Amino acid sequence: MRERPGDNKKQEEYYSGKASKHTFKSQIIILPNGSDIVDVVAGEPGPKSDITLFRENRDNFDPQQKFQGDLGYLGEDLIDTPIKTPRKGKLTIDQKKQNQEFSSKRVFFEHRIRSVKIFRVVQERFRLNPKKYEQVILTICGLVRFRIGALILPPEIHAFA
C-alpha cells in the first residue's frame, strides 16, 4: 500500500479497486525448492493484474521455461495453476487431490514469500518516497537471500572508516 498521490492522474494509476486503496504491485519468482529468489518486479501500479505483470517480464526467461502460480495466473500457458472451483459447482475428489499435490509443491514458494512479508513493507503503508519502493523491496529480497544462504558475500569485507 502506498500513500495517496496528490496528482489526480497518479491517483487513478495506482488505485486498486479490488483492494480499495492506492497500491504497488510486486511479483517474486522463486526456484522450485524455494532455495533462492530468481527475479523480483516491484513498484508497478496497483490495478495491474498478476498475469499482465508476468507477461510483461517473461522475456527475461527461456520461452520453454515452466512456472507454477496461484489462480491469479490462470490462462497463461507457461504457468501451472490449481484447478479452479466452477461457479455454482464443486470439485471432484480427483481434482481436490490434484490441488493438494499442487499445494504441497507450492508450499516452498509461500514460505519464501512469507520471509519477504515479515519485513511488513509489502503489507503496510509505504511512507517513504514512492520512487524508493523498488529499491527497498530489492534490499529486503537481498536480506532474505543472505539469511537462507543463497547470497554469498566475498570473504573479505572492508569496513568504512
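### Focus: helix α2 (residues 50-57)
Link 1 in the chain: When we look at burial in α2, the residues that qualify are D50, I51, L53 and F54. The buried residues of α2 all sit within an arc of 160 degrees when viewed along its axis, so they share a single face.
Link 2 in the chain: Buried residues along α2 sit in contact with β3 (24-30), β4 (37-45), β5 (67-68) and β6 (79-80).

### Considering the packing of aromatic side chains
Between two aromatic rings, the relevant description is the distance of the centres plus the angle of the planes.
Link 1 in the chain: Applying the stated criterion across every chain yields a total of six aromatic pairs.
Link 2 in the chain: On the basis of an interplanar angle of 75 degrees and a centroid distance of 5.1 Å, the ring pair of F54 and F67 is categorised as edge-to-face. Taken together, the residues F54 in helix α2 and F67 in strand β5 connect sequence positions 13 residues apart. Like F67, F54 is buried.
Link 3 in the chain: When the ring of F61 is compared with that of F67, the centres are 5.4 Å apart and the planes differ by 80 degrees; the resulting orientation is edge-to-face. The same class applies to F61 as to F67, namely buried.

### Quick notes on the pairing of β3
Link 1 in the chain: Buried residues dominate β3, accounting for five of its seven residues.
Link 2 in the chain: With six bridges joining them, β3 and β4 adopt antiparallel strand pairing. Within β4, the residue paired with Q27 across the bridge is V41.
Link 3 in the chain: What sits between β3 and β4 in their antiparallel hairpin is a turn of six residues, with G34 showing a positive phi close to 75 degrees.

### Some points on a nonpolar patch on the surface
Link 1 in the chain: Taken together, the side chains of I118, F119 and L143 make up a nonpolar region of the molecular surface, amounting to roughly 280 Å² of accessible area.
Link 2 in the chain: Within the element layout of this structure, F119 appears in the loop between α3 (93-117) and α4 (133-148).
Link 3 in the chain: The exposure class assigned to F119 is partly exposed, which follows from its relative accessible area of 40%.

### A short note on the environment of K21
Link 1 in the chain: Tracing the sequence through the fold places K21 in strand β2 (residues 21-22).
Link 2 in the chain: Take K21: its relative accessible area is 37%, and that puts it in the partly exposed class.
Link 3 in the chain: Each C-alpha atom, one on K21 and one on G46, is 8.5 Å from the other, the two residues being 25 residues apart in sequence.

### Looking at the pattern of salt bridges
Link 1 in the chain: Going through the model one piece at a time under the given rule, you end up with eight salt bridges.
Link 2 in the chain: Put simply, R55 and E76 hold a salt bridge, and the shortest N to O gap is 2.6 Å. Linking R55 in helix α2 with E76 in the loop between β5 and β6, this pair joins segments that are 21 residues apart in sequence.
Link 3 in the chain: Here R58 and E76 are joined by a salt bridge, their closest N and O atoms 2.6 Å apart. Of this pair, R58 sits in the loop between α2 and β5 while E76 sits in the loop between β5 and β6; the two residues are 18 residues apart in sequence, bridging distant segments of the chain.
Link 4 in the chain: Note on R58: relative accessible area 30%, which makes it partly exposed.
Link 5 in the chain: What makes E76 buried here is its relative accessible area of 8%.
Link 6 in the chain: Salt bridges linked by common partners bring E44, K48 and E56 together as one network.

Conventions and cut-offs
- Residues numbered from 1 in each chain as written.
- Predicted model: local features only at pLDDT ≥ 70, side-chain atom pairs only at ≥ 80, totals over all residues.
- Heavy atoms only, no water.
- Buried < 20%, exposed > 50% of the residue type's maximum accessible area, 1.4 Å probe, protein only.
- Helix = DSSP H or I, 4+ residues; strand = E, 2+ residues; numbered from the N terminus.
- Arc of directions from axis to C-beta.
- Contact = heavy atoms within 4.5 Å.
- Phe/Tyr/Trp six-rings, centres within 6.5 Å; stacked < 30°, edge-to-face > 60°.
- Pairing = 2+ DSSP bridges.
- Patch = residues over 30% accessible without salt bridge, like charges linked within 9 Å, V, L, I, M, F, W, Y side chains within 5 Å.
- Areas by Shrake-Rupley, 256 points an atom, 1.4 Å probe, with all protein chains shown as cover.
- Salt bridge = Lys/Arg side-chain N within 4 Å of Asp/Glu carboxyl O.

Function-wise, these values are silent; they only describe arrangement.
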